[in-house]
Number of protein chains: 2
Amino acid sequence: MVQIPNTPTSADVARLAGVSRATVSYVLNDTDAVRISEPTRRRVHAAARELGYVPHAAARTLRAGHSRMVLMPAPAVPVGPLYHRFLGELQAALGRLDYTVVQHGAVGQGDEAARAWAELRPVAVLAPGSGLGPHGVAVLKRAGARAVVTLGPARVEGAHALLMDHTVVGHRAAAHLYDRGRRCIGVLLPEEPGLEFFSHPRLTGVRRALNGTDATVTGLPLAYTERAASELAARLPELGLDAVFAYNDEYAMLLMRALEDAGLRVPEDIAVVGADDLMLGRLLRPRLSTVRLELPSGRALAELVDHAVRHPGAEPEVRTVLDATLIHRASS
Amino acid sequence: MVQIPNTPTSADVARLAGVSRATVSYVLNDTDAVRISEPTRRRVHAAARELGYVPHAAARTLRAGHSRMVLMPAPAVPVGPLYHRFLGELQAALGRLDYTVVQHGAVGQGDEAARAWAELRPVAVLAPGSGLGPHGVAVLKRAGARAVVTLGPARVEGAHALLMDHTVVGHRAAAHLYDRGRRCIGVLLPEEPGLEFFSHPRLTGVRRALNGTDATVTGLPLAYTERAASELAARLPELGLDAVFAYNDEYAMLLMRALEDAGLRVPEDIAVVGADDLMLGRLLRPRLSTVRLELPSGRALAELVDHAVRHPGAEPEVRTVLDATLIHRASS
């Protein structure tokens, strides 16, 4: 095996700068606890630069008993531009508060995943999706996580909750379609795995909005293929539907193409509503009505995480963070 | 401050199981170096379960001098379904080889980012994009990374390179348009920050493919808005263009809508080619010609990473991992 360059340690930096290891640690970790003269600070920084020394997060973690690492398990499905921007903001804001944000790759579901995350000894875990249960939260806390925050449809015992309840999306779509006089409403349910976390609550939202009215609701499972869409379009008239909430704008585009090919008119025969307010909806003809999702600023959430880390014994907080607005265009 | 649950240590596990701490470590880290009887193994696992003990990655890192952590900086732009699937495969394959894959959030560019990554002491870094330079690679190696692998357009000194050279995408589009008799070819250049890493090499690929022919190439900067697209569509006839390579399928859809609104026919007046082979291209009318990108299997790349970790002194390997195929439909 060929020689690997020796990793410089803080002892090497201390030797070169002519100071103690403790001084190196104080300077490079930017502690205010100890007063160190400016020339000494400069000497330490110069020595660290010359040697190419990088502090060791693991060693710091062991010394402090916890890290400044906020762990975010990566979402299991590709995220849209809205959620991507939200994550970016959140990471930048946590960075300004001196946390290091690390995303963990997929490692299975629930408690198995929690154990893998716990090994990294994060000071906080921000878990999207709905895989984490109370046992997983306890594993993380025992491993030193001061705050576990879930992003999902329901709260989990022991964790703070940012409630992303997608029922509101279905609710907005259904209320709009009902207002427009539609009474037989289909709801697309994508068959793509992972999307049920969003599509089922959206269906529930549609049902709730129409509960006690004269409208009917029909779930319509659909694979994301042209063939499946064209088979569904052919069945819509016999199902007697006059409107479809198409899950999102991409499924709406798939459906609208199939409806046009089947000779059905939008919105005269079938009204269509998407979700996400993607550019493509404005490019479709007729222009697509859609539900725009609204997430809070990443900065506000970063402050919640920071507060939770500073007050690890406080009661779990529950915040509703997803809202939605209907944007009416020509397809409904 | 309220009492936080005590974090159980390996000493607690050792006490409960009636064995030494070393034995706990051997059993839970699944070492083959030491023979330990089955009943002892069972006792250790039962004690760890009872106490909710999770091994400490940082402590293990310090003992071993390196971790099993493969760090992947998160891509700066939202990734499409193809790249998302590729990353998912790669993570799963690295997981089967007993690596923990961690994605690091955005922390600025180049060497600054490399220092932040180095603090986590990953055993390997798999860096997408083109921000990392030779100095950053050296920082990571001095911090103990046994393999640095870049995913990008060019190789970086000291690192293994998975070359994702997007010139091939532009090359395929241009060669096809030339074959179809087009001679005045525009190339969309999205103004969205971050996309220049892909759009500039694609433009270069178009120029190379047409070098020495009678065709002309015009770069067309475009913001992702309907207004910008409609202004561009209005200018196309005076620019004398007869074809546009539209960067990707989404920009192609934006452009095709603007062309239709401006009374220009596709492909008679202007041929259009996208890239990515998204479903939406098949849903457009005329159906969109596109360039399909081909990435290798994540498994093959996981094996390359593992090999590089085992042979840290070997010469950097360079592999071309992006290929592309033209899919001819009705828009060209």
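Residues numbered from 1 in each chain as written. Chains lettered and ligands numbered in written order. Predicted model: local features only at pLDDT ≥ 70, side-chain atom pairs only at ≥ 80, totals over all residues. Heavy atoms only, no water.

Student: What should I look at first to understand the overall build of chain A in this one?
Tutor: Secondary structure summary: chain A contains 13 helices and twelve strands in total. Among the 332 residues that make up chain A, the fraction classed as buried is 51%. Counting contacts in chain A only where the partners sit at least 6 residues apart, residues at least 24 apart contribute 70% of the total. Roughly 14,900 Å² of accessible area belongs to chain A as shown, and the carbon and sulfur atoms make up 50% of that amount. (Helix = DSSP H or I, 4+ residues; strand = E, 2+ residues; numbered from the N terminus. Buried < 20%, exposed > 50% of the residue type's maximum accessible area, 1.4 Å probe, protein only. Contact = heavy atoms within 4.5 Å. Areas by Shrake-Rupley, 256 points an atom, 1.4 Å probe, with all protein chains shown as cover.)

Student: Sorry if this is basic, but what is going on with the packing of helix α2 (residues 21–28) of chain A against helix α3 (residues 38–51) of chain A here?
Tutor: Each packed pair of helices is defined by two parameters, the angle between the axes and the distance between the axes. Residue and element names in this part refer to chain A. For the pair α2 and α3, the least separation of the axes is 10 Å and the interaxial angle reads 90 degrees. Of the possible angle classes, the one that applies to α2 and α3 is roughly perpendicular. In this structure, α2 uses Thr23, Val24, Val27 and Leu28 to contact α3, whose residues at the interface are Thr40, Arg41, Val44, His45 and Ala48. Each residue belonging to the contact of α2 with α3 can be placed in one class, and the counts come to five nonpolar, three polar and one charged. (Axes fitted to C-alpha atoms, helices over the stretch in contact; angles between N-to-C directions. Parallel < 35°, antiparallel > 145°, perpendicular 65-115°, else oblique. Nonpolar A, V, L, I, M, F, W, Y, C, P; charged D, E, K, R; others polar.)

Student: How do you make sense of the sheet that holds strand β4 (residues 147–152) of chain B when you look at a structure like this?
Tutor: Sheet strands associate in pairs through backbone hydrogen bonding, adopting either a parallel or an antiparallel arrangement. With mixed pairing, the twelve strands of this open sheet are ordered in space as β11(A)-β5(A)-β4(A)-β3(A)-β1(A)-β2(A)-β2(B)-β1(B)-β3(B)-β4(B)-β5(B)-β11(B). Unpaired on one side and paired on the other, β11 (318–320) of chain A together with β11 (318–320) of chain B mark the two borders of the sheet. Geometrically, the sheet is characterised by an average inter-axis angle of 20 degrees between neighbouring strands, direction not taken into account. Two elements, strand β5 (residues 160–163) of chain A and β11 of chain A, share three bridges in a ladder whose sense is parallel. (Pairing = 2+ DSSP bridges.)

Student: Explain unusual backbone geometry to me, please; I cannot follow it from the model alone.
Tutor: The bulk of non-glycine residues show a negative phi, and the bulk of peptide bonds are trans. All names here are of chain A. In this structure, proline 267 follows valine 266 across a cis peptide bond, with omega equal to 5 degrees. One can find proline 267 in the loop between α11 (249–261) and β9 (271–275). Phi angles above zero are rare outside glycine, and aspartate 98 is one such case at about 75 degrees. Here aspartate 98 is to be found in the loop between α5 (81–96) and β2 (100–104). On the accessibility criterion, aspartate 98 (54% relative accessible area) is exposed. Residue aspartate 276 is not a glycine yet carries a positive backbone phi of 110 degrees. Take aspartate 276: it is sitting in the loop between β9 and α12 (279–283).

Student: Is there a simple way to think about the environment of arginine 329 of chain B in this case?
Tutor: Residue and element names in this part refer to chain B. Tracing the backbone through its elements, the reader meets arginine 329 in the segment after β12 (323–327). On the accessibility criterion, arginine 329 (17% relative accessible area) is buried. Note: C-alpha distance between arginine 329 and threonine 290 (39 residues apart in sequence) is 7.7 Å. For arginine 329, the residues in contact, after removing those within four places along its chain, are Asp277, Gly281, Arg282, Arg287, Leu288, Ser289 and Thr290. Only 2.8 Å separates the side chain of arginine 329 from the side chain of aspartate 277, close enough to count as a polar contact. (Polar contact = N/O pair within 3.5 Å; in protein donor to acceptor, adjacent residues only side chain to side chain.)

Student: Teacher, can you tell me more about the pattern of salt bridges here?
Tutor: Any two side chains of opposite charge can pair, on the condition that their charged atoms come close. Using the criterion set out here, one finds 27 salt bridges over all chains in the structure. Notably, a salt bridge pairs aspartate 214 of chain A with arginine 183 of chain A, separated by 3.2 Å at the nearest N-O pair. Taken together, the positions of aspartate 214 of chain A in the loop between α9 (196–210) and β7 (216–222) and arginine 183 of chain A in the loop between α8 (167–179) and β6 (184–190) put the pair 31 residues apart, joining distant regions of the chain. A residue is classified by how much of its surface remains accessible, and aspartate 214 of chain A, at 53% relative accessible area, is exposed. Where arginine 257 of chain A meets glutamate 260 of chain A, a salt bridge forms, and the shortest distance between an N and an O atom there is 3.6 Å. Of this pair, arginine 257 of chain A and glutamate 260 of chain A both sit in helix α11, three residues apart, roughly one helical turn. Counted as one network, the salt bridges with shared partners bring together Arg257, Glu260 and Asp261 of chain A together with Arg285 of chain B. (Salt bridge = Lys/Arg side-chain N within 4 Å of Asp/Glu carboxyl O.)

Student: Which parts of the structure should I look at to understand the sheet that holds strand β9 (residues 271–275) of chain B?
Tutor: Residue and element names in this part refer to chain B. Read from one edge to the other, the open sheet built from six strands follows the order β7-β6-β8-β9-β10-β12, with strand pairing classed as mixed. Either end of the sheet is taken by a strand with one partner, and the two such strands are β7 (216–222) and β12. The sheet shows a mean angle of 20 degrees between the axes of neighbouring strands, taken without regard to direction. Here three bridges tie strand β6 (residues 184–190) to strand β8 (residues 243–245), and the two strands are oriented parallel to one another.

Student: When you look at the packing of aromatic side chains in this model, what are you seeing that I'm missing?
Tutor: The relation between two aromatic rings is expressed through the spacing of the ring centres and the mutual angle of the planes. All names here are of chain A. For the structure shown, the criterion picks out four aromatic pairs over all chains. Their ring planes at 50 degrees and their centres at 4.9 Å tell us that tyrosine 224 and tyrosine 251 sit as a pair that is tilted. Here tyrosine 224 is found in the loop between β7 and α10 (226–239), whereas its partner tyrosine 251 is found in helix α11, with 27 residues between them in sequence. Judged by relative accessible area, tyrosine 251 falls into the buried class, the value being 2%. Through successive ring pairs, a cluster of aromatic residues spans Tyr224, Tyr247 and Tyr251. (Phe/Tyr/Trp six-rings, centres within 6.5 Å; stacked < 30°, edge-to-face > 60°.)

Student: Hey, could you run me through the pairing of β6 of chain A in this one?
Tutor: For a regular strand, side chains alternate in direction, first toward one face of the sheet and then toward the other. All names here are of chain A. Burial within β6 is extensive, with six of its seven residues counted as buried. Bridge count for β6 against β7 is seven bridges, and the pairing is parallel. By the bridge assignment for β7, cysteine 184 is matched with threonine 216. Note on the crossover from β6 through α9 to β7: the handedness is right-handed. (Right-handed = clockwise from strand over helix to strand, strands pointing away.)

Student: Which parts of the structure should I look at to understand the nonpolar core?
Tutor: When a protein is soluble and globular, its nonpolar side chains tend to lie buried together. Leu188, Leu259 and Val272 of chain A together with Leu188, Leu236, Leu259 and Val272 of chain B are the most contacted members of the largest nonpolar core, which totals 62 residues. Those elements giving two or more residues to this core turn out to be β7, α10, α11 and α12 of chain A together with β7, α10 (226–239), α11 (249–261) and α12 (279–283) of chain B. Apart from residues no more than four positions distant in its own chain, valine 272 of chain B is found in contact with Val244, Ala246, Ala252, Leu255, Met256, Leu259, Val266, Leu288, Ser289, Ser331 and Ser332 of chain B. In this structure, Ala143 of chain A together with Ala118, Ala127 and Ala159 of chain B belong to the second largest nonpolar core, which totals 40 residues. (Core = buried A, V, L, I, M, F, W, Y, C linked by side-chain atoms within 4.5 Å.)

Student: Explain helix α3 (residues 38–51) of chain B to me, please; I cannot follow it from the model alone.
Tutor: In an α-helix, one turn spans 3.6 residues; hence positions three or four apart end up facing the same way. Residue and element names in this part refer to chain B. Taking 1.5 Å per residue as the helical rise, α3 with its 14 residues ought to reach 20 Å, and the 20 Å between its terminal C-alpha atoms agrees with that figure. Considered for burial, the residues of α3 that qualify are Thr40, Arg41, Val44, Ala47 and Ala48. What you see down the axis of α3 is that its buried residues fit within an arc of 130 degrees, all on one side. Summarising the geometry of α3, the exposed residues directed more than 90 degrees from the buried face are Arg42, Arg49 and Glu50. Looking at the packing, one finds that the buried side of α3 touches α1 (10–17) and α2 (21–28). Phi turns positive, to about 70 degrees, at glycine 52, one or two residues after α3. (Expected span 1.5 Å × (residues − 1). Arc of directions from axis to C-beta.)

In short, geometric facts, not functional conclusions.
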